[in-house]
Amino acid sequence: MSIIQWSTTETKEIQIGGRVLASRYFLAPLAGYTQHAFRVAIRELGGVGLCTTDLVLASHLLSGSRKSKALLTTSPADRPLTIQIFGGITAELVAAARWLEQHGYAAVDLNMGCPMAKINGNGGGARIMCAPDAACQLVAEVVDAVSIPVTVKMRLGWDRDSITAPLLAREFEQAGVAAITVHGRTRNQGFGGTVDLQGIRQTVEAVQQIPVIGNGDVCTVEDAFRMREQTGCEAVSIGRGAMLDPWIFRKISQAVRDEPVTEPTRDEQIQFLERHFSLMFEQHELYGCRLIRKFAAWYGARLGIPEDLEDRLRRLESDEEFKDIIEQIRLRHGERDSSVPTALIKTPNGPVERW
Ligand SMILES: Cc1cc2nc3c(=O)[nH]c(=O)nc-3n(C[C@H](O)[C@H](O)[C@H](O)COP(=O)(O)O)c2cc1C
């Protein structure tokens, strides 16, 4: 398909539950990574249509736990934003959605995709997809409880013999859901194998009007366009690909506008690290140092900085030390090969039953 054809489709505006979005390429939630600081930093690069928070346990949100407060932190620069909740108890999900509406949040997403045992064990995440009637009842109750848009994020189904996404998407649309995101893998696949674009297409074809957002394995501009072309989805949600290349959204906008796609300069990459850290520090103060440590390996590889600097980032203790590391990075970046293996974003491993 040519760029010109893409441009034609791309100019059609995308709306989700009455919210008009500037781009149809969204940041997918990656718990532990896509929090306020990362969201704002990546939005500033341009091209991001919508962000979603990490999953927030409904009961923790209701009890006002410190962790859920941190996950719910947002700012005017962090718009448009959807809050993702999960849990196995309908009444808690309903109450959490009401709480979010009362506190001024614009939209809520229900997680039905998480493969982790601790989340499925209490009836949340992908487990909900195994009982379609109960899933529809749950979704209908949440939709009826609030007037803000409710969306759902799910996988294709529990396993290959239980592909429930098309059926559920159809039912959820009837219940009033504003959009559905489908990660084109089953729960049993975990993060292995490749994404099943045909499975996403079947979900797209199952709904009448609401946007279906395709998700999984989009790491380049071409992957994003392929996702739209082969599935017919209206929007694309990008998780690990956006961690590996935060400029992916900017690059997609350039391609959509038929402009040359540009790589970030080394300075832009270092500025991104500085911005990410300063936002993290603003929100969490010293604890921000701990949170940035998780990104050390990724920034190390991305910027091609020598191991000793990456190691200092991994043990970061203070704002002053960060400034010193940045100074060193400016002098010494590129000393190492700067290819970024996808393995740098940790996914659970071993048999999926034990996750
Ligand atoms: C580390 C990690 C954390 C994730 N956290 C969430 C989450 O909080 N909520 C959610 O719906 N999906 C979560 N996912 C799934 C992603 O949103 C996405 O569906 C999946 O990674 C496939 O898309 P990608 O290939 O673009 O990353 C997570 C995935 C990873 C690897």
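Scroll up to find the structure this text is about.
Residues numbered from 1 in each chain as written. Predicted model: local features only at pLDDT ≥ 70, side-chain atom pairs only at ≥ 80, totals over all residues. Heavy atoms only, no water.

**Q** Residues and numbers for the pattern of salt bridges, please.
**A** Tallying each qualifying case throughout the model produces 20 salt bridges. The salt bridge involving R275 is made with E44; its shortest N-O contact spans 2.7 Å. Note that R275 is positioned in helix α13 (residues 266–284) and E44 in helix α2 (residues 36–45), a separation of 231 residues in sequence. Given the relative accessible area of 30%, R275 is considered partly exposed. Look at E44 and you get partly exposed, because its relative accessible area is 44%. Between D319 and K323 there is a salt bridge whose closest N-O contact spans 3.5 Å. Taken together, the residues D319 and K323, both in helix α17 (residues 319–332) and 4 residues apart, mark about one turn of the helix. The structure contains a network of salt bridges with shared partners spanning E310, D311, R314 and R315. (Salt bridge = Lys/Arg side-chain N within 4 Å of Asp/Glu carboxyl O. Helix = DSSP H or I, 4+ residues; strand = E, 2+ residues; numbered from the N terminus. Buried < 20%, exposed > 50% of the residue type's maximum accessible area, 1.4 Å probe, protein only.)

**Q** Break down the site of the ligand for me, citing the residues and quoting the values.
**A** Around the ligand, 20 residues are found, and the nearest of them are P29, Q84, N215, D217 and R240. Coverage of the ligand by the protein chains reaches 91% of its 610 Å² of free accessible surface. Residue classes in the shell around the ligand are distributed as 8 nonpolar, 7 polar and 5 charged. (Near = heavy atom within 4 Å. Areas by Shrake-Rupley, 256 points an atom, 1.4 Å probe, with all protein chains shown as cover. Nonpolar A, V, L, I, M, F, W, Y, C, P; charged D, E, K, R; others polar.)

**Q** Outline the packing of helix α5 (residues 90–102) against helix α7 (residues 132–145), supporting the account with residue identities and numerical values.
**A** Think of two packed helices as two axes; the pair is described by the angle between the axes and how far apart they sit. Running from amino to carboxyl end, α5 crosses α7 at an angle of 25°, the nearest separation of the two axes being 9 Å. As far as their axial angle goes, α7 and α5 are roughly parallel. For α5 against α7, the interelement crossing comes out right-handed. When α5 is examined against α7, the residues T90, L93, V94, A97, R98 and E101 are found in contact with a partner set consisting of L138, E141, V142 and A145. Looking at the contact of α5 with α7, its residues break down into 6 nonpolar, 1 polar and 3 charged. (Axes fitted to C-alpha atoms, helices over the stretch in contact; angles between N-to-C directions. Parallel < 35°, antiparallel > 145°, perpendicular 65-115°, else oblique. Left-handed = near helix turned anticlockwise from the far one by under 90°. Contact = heavy atoms within 4.5 Å.)

**Q** Explain the pairing of strand β10 (residues 212–215) to me, using residue names and the numbers behind them.
**A** Because side chains alternate across β10, one face comprises the buried residues V212 and G214, and the other comprises I213 and N215, equally buried. Sheet analysis places strand β9 (residues 179–186) next to β10, joined by 4 bridges and oriented parallel. In the strand pairing of β10, I180 is matched with V212. The parallel pair β9 and β10 is bridged by helix α9 (residues 197–206), and the resulting crossover is right-handed. Inspection of the sheet shows β10 paired to strand β11 (residues 235–238) by 3 bridges, in the parallel sense. Within the sheet, the bridge partner assigned to G214 lies in β11 and is V236. Viewed along the sheet, the connection from β10 through helix α10 (residues 221–231) into β11 turns out right-handed. (Pairing = 2+ DSSP bridges. Right-handed = clockwise from strand over helix to strand, strands pointing away.)

**Q** Tell me about the pairing of strand β6 (residues 81–86), and name the residues and values.
**A** Consecutive residues of a regular strand have side chains that alternate between opposite faces of the sheet. In terms of burial, β6 is largely enclosed, as 6 of its 6 residues are buried. Summarising the sheet, strand β4 (residues 51–52) and β6 pair through 2 bridges and their orientation is parallel. For C51, the partnering residue across the bridge sits in β6 and is L81. Judged from the 2 bridges that link them, strand β5 (residues 56–57) and β6 form a sheet pairing that is parallel. Pairing of V56 across the sheet is with I85, part of β6. Bridge analysis of β6 against strand β7 (residues 108–112) gives 3 bridges, and the strand direction is parallel. Bridged to I85 within β7 is L110. As a crossover connection, the stretch from β6 through α5 into β7 is right-handed.

**Q** Tell me about the environment of A296, and name the residues and values.
**A** Along the polypeptide, A296 turns up in helix α15 (residues 296–303). What makes A296 buried here is its relative accessible area of 0%. Remark: the alpha-carbon pair of A296 and E310, spanning 14 residues in sequence, is separated by 5.8 Å. In contact with A296, not counting residues within four places along its chain, are E310, L313 and R314.

**Q** So what's going on with the nonpolar core? Which residues, and what values?
**A** The biggest cluster of nonpolar side chains holds 97 residues, and the ones touching the most others in it are M154 and F172. The residues that make up this core include at least three from each of domain 1 (3–256) and domain 2 (266–332). Apart from residues lying up to four places away in sequence, F172 is in contact with M112, A135, C136, V139, V152, M154, V177 and I180. Core analysis: the next-biggest nonpolar cluster, separate from the first, contains 9 residues, F26, L50, A178 and A179 among them. (Core = buried A, V, L, I, M, F, W, Y, C linked by side-chain atoms within 4.5 Å. Domains from an automatic or database assignment.)

**Q** Lay out the side chain of R250 in plain terms, naming residues and giving numbers.
**A** Relative to the assigned elements, R250 resides in helix α12 (residues 248–256). Judged by relative accessible area, R250 falls into the buried class, the value being 17%. Apart from residues lying up to four places away in sequence, R250 is in contact with L45, G46, T262, E263, P264 and E268.

Just distances and angles here, no functional claims.
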